[in-house]
Amino acid sequence: MPNLFQQSRRHLAQWFTLSMGSILVVFAASVYVLEVRGRLQAFDTDLESKVRVMAGGIQYRLRQGRLQARLDHVPMLGSNTLPLNSKIVYARWYDDKGRLARFVKQQPSNRQITTLGFKTISLPVSQKNHQPLLLRQVTLPVWQEGVLIGYLQIAVPLTPLQQTLTQLRLLLTLGVPAALGLIALTGWWLGGVAMQPLQQSYKRLQHFTTNASHELRTPIAKILGQAQLMLMPNYEEESISRQRVEKIVTITKGMSRLVGDLLFLARHEGPLNPENLERIDLTRLLQELTWDAAALAQNKAIKVNCDLPDQAVMVAAETDLLCQAIANLTNNAIKYSPPGSWVKVRLMTQGRSALIHVEDNGSGIPAEELPYIFDRFYRVNTTRSHSEGFGLGLAIVQQIAQAHGGTITVYSEIGKGSCFELVLPRQLL
Ligand code: ATP
Ligand code: MG
């Protein structure tokens, strides 16, 4: 089973890493694509404004019905112009028919204009950085007074953009695996946290099963022993055999009670169905239960008395369950008190709560045992010698209290006695 927990934890961590990792990768890729688009757009806008500046210097005139563009004042292309403050790789002027008319720095292989707008051109790998040099070329038609006078084409290196994007790629290629590692670690940790309650409840269940088997094994062994003795030929007189059968009956009754308690604990887990709850007057119920307890306590010369209010105290409860919880408390008080002592049942109200106290001046419970006495099969060491009792009574009381939306608490001092306080939500009259 512990392997199953490890396996589940691994699966949880793997699925967490896979899902979070996919989200991270998609997110990083989207950031990269958006960044490339945004920067290229800004780059193109800048490039376009350069073309506009250059186009502003072009003049044209009509001579004998033909258009003539004058480029003297165009930056780079003109002869007497200021240099444009930019790294333009080449500039070309095409006439209105799209034929190459003038160029600076690089002659195109094709003398006819081929494309309009923006285009990325890859130049052969440069010797220096073994990276293809990318150029961004723009070709725009130039209009003046509604007349197309030609096309201006310039190209600039994309190096600054490439550098920025290379840095971004580096950041992402290092950052994404690092984040994935962190996600995997977090997934492993979260898997551990998620497994903890399961592991605890598995341990509790294992503990419970071991205890239940152990409690059943002893009486079964006893029954088997008695029965085997009876099967021996001519072994005993009839009267002794009868005693053995009576013993078997007593042991079986104990086993039946244990199985009943176990079934009870299994069946009544969780809150009760409100439809099954009845309005019960606790004052009357406790009066009746105290009489029953007093009858039981007579054998031990224990006095059972009660301190109940004059008026009714109403609660919504399942009568049988509530009776069983209170009976378990009074039975314990009688069982763990010496002859001649007293047991008191008290009912009080406090705000919207009804408080039932079952007090005794018996053996008391050691302080170090108090945190465990509501655990299933827990018995205080000193009382383990009691043959009857499985250590389920208080676990049942606690389960009943919780099923009714209430609580059970114990105050006890060794040698002085104990007080069990059952608090239930009260229904106002
Ligand atoms: P079961 O109720 O299943 O027959 P049990 O009485 O031993 O067996 P619980 O009622 O759960 O089990 O009680 C758990 C332990 O708490 C008991 O073994 C006993 O040692 C201690 N205990 C409970 N009530 C009292 C009490 N009123 N005074 C002293 N000890 C008590
Ligand atoms: Mg008990």
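Residues numbered from 1 in each chain as written. Chains lettered and ligands numbered in written order. Predicted model: local features only at pLDDT ≥ 70, side-chain atom pairs only at ≥ 80, totals over all residues. Heavy atoms only, no water.

Quick question: what am I supposed to make of the overall build of the protein here?
The number of helices and strands found in the protein is six helices and 14 strands. Once the C-alpha set of the protein is aligned to its principal axes, its extents read approximately 145 × 65 × 40 Å. Buried residues in the protein amount to 37% of all 429 residues. Summed over all atoms, the accessible surface of the protein reaches about 26,000 Å², with 57% contributed by carbon and sulfur. Here the protein carries 44 positive and 32 negative side-chain charges, and the mean point of each set is 22 Å from the other. (Helix = DSSP H or I, 4+ residues; strand = E, 2+ residues; numbered from the N terminus. Buried < 20%, exposed > 50% of the residue type's maximum accessible area, 1.4 Å probe, protein only. Areas by Shrake-Rupley, 256 points an atom, 1.4 Å probe, with all protein chains shown as cover. Lys, Arg positive; Asp, Glu negative; His and termini not counted. Charge placed at Lys NZ, Arg CZ, Asp CG, Glu CD.)

Mind showing me how you'd approach the packing of aromatic side chains here?
Within this structure, the stated rule accounts for four aromatic pairs. Taken together, a centroid distance of 5.5 Å and an interplanar angle of 45° make the contact between Phe208 and Phe377 tilted. Of this pair, Phe208 sits in helix α2 (residues 159-231) while Phe377 sits in the loop between β12 (353-360) and α6 (393-403), and the two are 169 residues apart along the sequence. Accessibility expressed as a relative area gives 18% for Phe208, which makes it buried. Considering the side-chain rings of Phe374 and Phe420, the 6.3 Å spacing of their centres and the 85° angle between planes classify their relative orientation as edge-to-face. (Phe/Tyr/Trp six-rings, centres within 6.5 Å; stacked < 30°, edge-to-face > 60°.)

Help me out: how do you make sense of the pairing of strand β10 (residues 314-317) in this one?
The two faces of a sheet get side chains in turn, since along a regular strand they alternate between them. Sheet topology places strand β8 (residues 278-281) next to β10; four bridges connect them, and they run antiparallel. What sits directly across from Ile280, in β10, is Val315. Across two bridges, the pairing between β10 and strand β14 (residues 417-427) is antiparallel. Counterpart to Met314 in the pairing with β14 is Gln427. (Pairing = 2+ DSSP bridges.)

Explain the state of the cysteines here, please?
Between two cysteines, a covalent bond joining their sulfur atoms is known as a disulfide. Scanning all chains against the criterion turns up zero disulfides. Free of any disulfide, Cys323 has its nearest cysteine sulfur in Cys306, 15 Å distant. (Disulfide = S-S within 2.5 Å.)

Can you help me understand the domain arrangement of the protein in this one?
It is common to report an interface's size as the accessible area lost on association of the parts. When its domains are assigned, the protein resolves into domain 1 (2-166) and domain 2 (271-427). Relative placement of domain 1 and domain 2: their C-alpha centres are 87 Å apart. (Domains from an automatic or database assignment.)

How should I be thinking about the pairing of β14 in this particular structure?
Counting buried residues in β14 gives eight out of eleven residues, a clear majority hidden from the surface. Direction of pairing for β12 relative to β14: antiparallel, over a ladder of eight bridges. Residue pairing in the sheet places Leu355 in a bridge with Val423 of β14. Here strand β13 (residues 407-413) runs beside β14; their pairing, made up of seven bridges, is antiparallel.

I tried to follow the nonpolar core on my own but got confused; where do I start?
Across soluble globular proteins, nonpolar side chains show a tendency to be buried alongside one another. Core analysis: the biggest nonpolar cluster contains 53 residues, and Leu282, Leu322, Ile373 and Phe420 have the highest contact counts within it. Not counting residues up to four positions away in its chain, the partners in contact with Leu322 are Ile280, Leu282, Leu285, Val315, Ala317, Ile400 and Leu424. (Core = buried A, V, L, I, M, F, W, Y, C linked by side-chain atoms within 4.5 Å. Contact = heavy atoms within 4.5 Å.)

Can you help me understand the pattern of salt bridges in this one?
If the charged atoms of two oppositely charged side chains come close together, the side chains can form a pair. According to the stated counting rule, one finds eleven salt bridges in the structure shown. For Glu35, the salt bridge is made with Arg39, and the minimal N-O distance between the two is 2.6 Å. Of this pair, Glu35 and Arg39 both sit in helix α1 (residues 2-56), four residues apart, which is roughly one turn of the helix. Residue class for Glu35 comes out partly exposed when judged on its relative accessible area of 28%. The shortest N-O distance in the salt bridge between Arg379 and Glu215 comes to 2.8 Å. A residue pair is termed long-range when its members are at least 10 positions apart, and Arg379 in the loop between β12 and α6 and Glu215 in helix α2 qualify at 164 residues. Here Arg379 falls in the buried class, since its relative accessible area comes to 12%. Glu215 gets classed as buried once you look at its relative accessible area, which sits at 15%. (Salt bridge = Lys/Arg side-chain N within 4 Å of Asp/Glu carboxyl O.)

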